[in-house]
Amino acid sequence: MGTPINGKYDVVVIGAGFSGAVIAERFASQCNKKVLVLEQRDHVGGNCFDYKNQFGVVVHKYGPHLFHTNKKEVWDYLSLFTKWHRYEHEVLASIDGQLVPLPFNLNTLYLLYPEEKAKTIERLLVQHYGYGGKVAILDLKETKEPLLKELATLVYEKFFVNYTTKQWGCSPKQISPAVTARVPVVISHDNRYFHDSYQAIPVNGYTKVFERILSHPNISVKLGFDGIGLFEFDESTSTIKISDNEFEGRLIFTGMLDQLFGYRFGELPYRSLKFDFETLAQKQFQPNTTVNYPNEHQFTRITEFKHILPVESDHTTIVREYPQDYDRLDATKNVPYYPVFNEGNQTKHQAYAALANKFKKLTYIGRLADYKYFNMDDAIANALTTFRKISNVF
Ligand code: UDP
């Protein structure tokens, strides 16, 4: 790498997504530590990376990222680095040739049922879950109320089974219930996809936020550099080594733990995606940002970026998402997007985590390293909490 690390940097961070960038910034700004961030891609921002294309449209290279949080600390933290464009995400689902609001809510109910029956179902939903309540589809399916059971079957069949089969390669019952619970049935007329108190998009896009976070004079960023190869893990002494010398600083790892430890307990499965971008010579393609296609097509959804950060252009850019298995050896499938966190895989991850925990100077954080379905705000909150924990034992 050309530069000595020992003596020059106090902290080395592998990965420049939210987890890595935030913890790097905290060490640099709060502890005056010298931080080196190593990123294997040629850009910062991890999967939140966005850029303005030739038509002025801000495109999310790794799929749509819509920021939302209830965590004031996270909102305040990010607000140090950006101003915000107010944006509340709404999704439509294509069901039997009709575009209807998702999450399934009372508006959706009235579009899919005759009015009298919808009224009866609404009354039952409010009676059981309260107006404004939410119920996960797998829980609704357990209801003893015949009409609600009928509704649950319809929602499950038309909105969840085929989408989930495309997205995860298995049925909703074969993955953690937490996955489908992200999109509950909502007992209100609120069409928003998220209900958090803070919802907005960085006014100049996500990449600019990362550039500002990482612009602290104590931080050096090296792009196109795979940091894993630099370090050796000596289990007999629980030390991390660089070129046979003990690494004196702290290593923060935000990548995949199985890769870090040479896949010794087997590979951790992930789901990947293929993105098919298209720019069309028309002002608008669809009525809102995202339309889901549970039952048609090989792709799961189409996102039109102009709806997120509006721009005057005669062109519009859309992306179709095709889910696929992750394969680290296939360049078209080697981006890990979602951990497949069923019980067996959790156990495997725990084996890696136990090994990682033997190294006092190693900290692992983030969606990949923690093998968790983090939203952006979860990753940031976790980085801030981890920083607080480890900075005073540095
Ligand atoms: N889901 C579904 N149908 C939909 C939308 C979501 O079955 O129309 C399920 C699917 O299993 C998906 C999960 O709910 O993986 C979580 O959806 P979310 O929109 O949160 O996924 P993300 O945006 O993180 O890909």
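You'll find the structure just up there.
Residues numbered from 1 in each chain as written. Predicted model: local features only at pLDDT ≥ 70, side-chain atom pairs only at ≥ 80, totals over all residues. Heavy atoms only, no water.

1. Description of the site of the ligand
Around the ligand, the surrounding shell holds 16 residues, and the nearest of these are Trp168, Arg182, Tyr193, Tyr338 and Tyr373. Between the ligand and Trp168, the relevant distance is 2.8 Å, taken from an oxygen atom to a side-chain nitrogen or oxygen of the residue. Relative to its unbound accessible area of 530 Å², the ligand is 94% covered by the protein chains. Elements supplying a minimum of two residues to the shell around the ligand: helix 6 (146-168) and helix 7 (177-180). Ranked by residue count, the leading element in the shell around the ligand is helix 6, at six residues. Within the shell around the ligand, the residues separate by chemical class into ten nonpolar, four polar and two charged. (Near = heavy atom within 4 Å. Polar contact = N/O pair within 3.5 Å; in protein donor to acceptor, adjacent residues only side chain to side chain. Areas by Shrake-Rupley, 256 points an atom, 1.4 Å probe, with all protein chains shown as cover. Helix = DSSP H or I, 4+ residues; strand = E, 2+ residues; numbered from the N terminus. Nonpolar A, V, L, I, M, F, W, Y, C, P; charged D, E, K, R; others polar.)

2. So, the sheet that holds strand 15 (residues 245-246)
Within the open sheet, the three strands sit side by side as 13-14-15. Their pairing is antiparallel. Single-partner strands in this sheet number two, and they are strand 13 (231-234) and strand 15. Here strand 14 (residues 239-242) runs beside strand 15; their pairing, made up of two bridges, is antiparallel. Its bridge partner lying in strand 15, Ile242 is registered against Asn245. (Pairing = 2+ DSSP bridges.)

3. Some points on unusual backbone geometry
The residue after Leu102, namely Pro103, is reached through a cis peptide bond having omega 0°. Mapped onto the secondary structure, Pro103 falls in the loop between strand 8 (98-102) and helix 3 (106-112). The phi torsion at Asn32 lies on the positive side, around 55°, for a residue other than glycine. Residue placement: Asn32 occurs in the loop between helix 1 (18-30) and strand 2 (35-39). The phi dihedral of Tyr263 falls on the positive side, at around 60°, and the residue is not glycine. Looking at the element boundaries, Tyr263 is found in the loop between helix 9 (257-260) and strand 17 (270-280).

4. A closer look at the packing of helix 1 against helix 8 (residues 206-213)
To describe two helices that pack against each other, one gives the angle between their axes and the distance between the axes. Their axes nearest at 9 Å, the elements helix 1 and helix 8 cross at an angle of 30°. With respect to helix 8, the axis of helix 1 lies roughly parallel. Of the two possible hands of crossing, helix 1 and helix 8 adopt the one that is left-handed. Along the contact surface, helix 1 presents Phe18, Ala21, Val22 and Glu25, while helix 8 presents Tyr206, Phe210 and Ile213. By residue class, the composition of the contact of helix 1 with helix 8 is six nonpolar, no polar and one charged. (Axes fitted to C-alpha atoms, helices over the stretch in contact; angles between N-to-C directions. Parallel < 35°, antiparallel > 145°, perpendicular 65-115°, else oblique. Left-handed = near helix turned anticlockwise from the far one by under 90°. Contact = heavy atoms within 4.5 Å.)

5. What to know about the pairing of strand 8
Where a strand is regular, its side chains alternate between the two sheet faces. Sheet analysis places strand 7 (residues 91-95) next to strand 8, joined by five bridges and oriented antiparallel. Across the sheet, Ser94 pairs through a bridge with Leu99, a residue of strand 8. Count of turn residues in the strand 7/strand 8 antiparallel hairpin: two residues, of which Asp96 carries a positive phi of about 50°.

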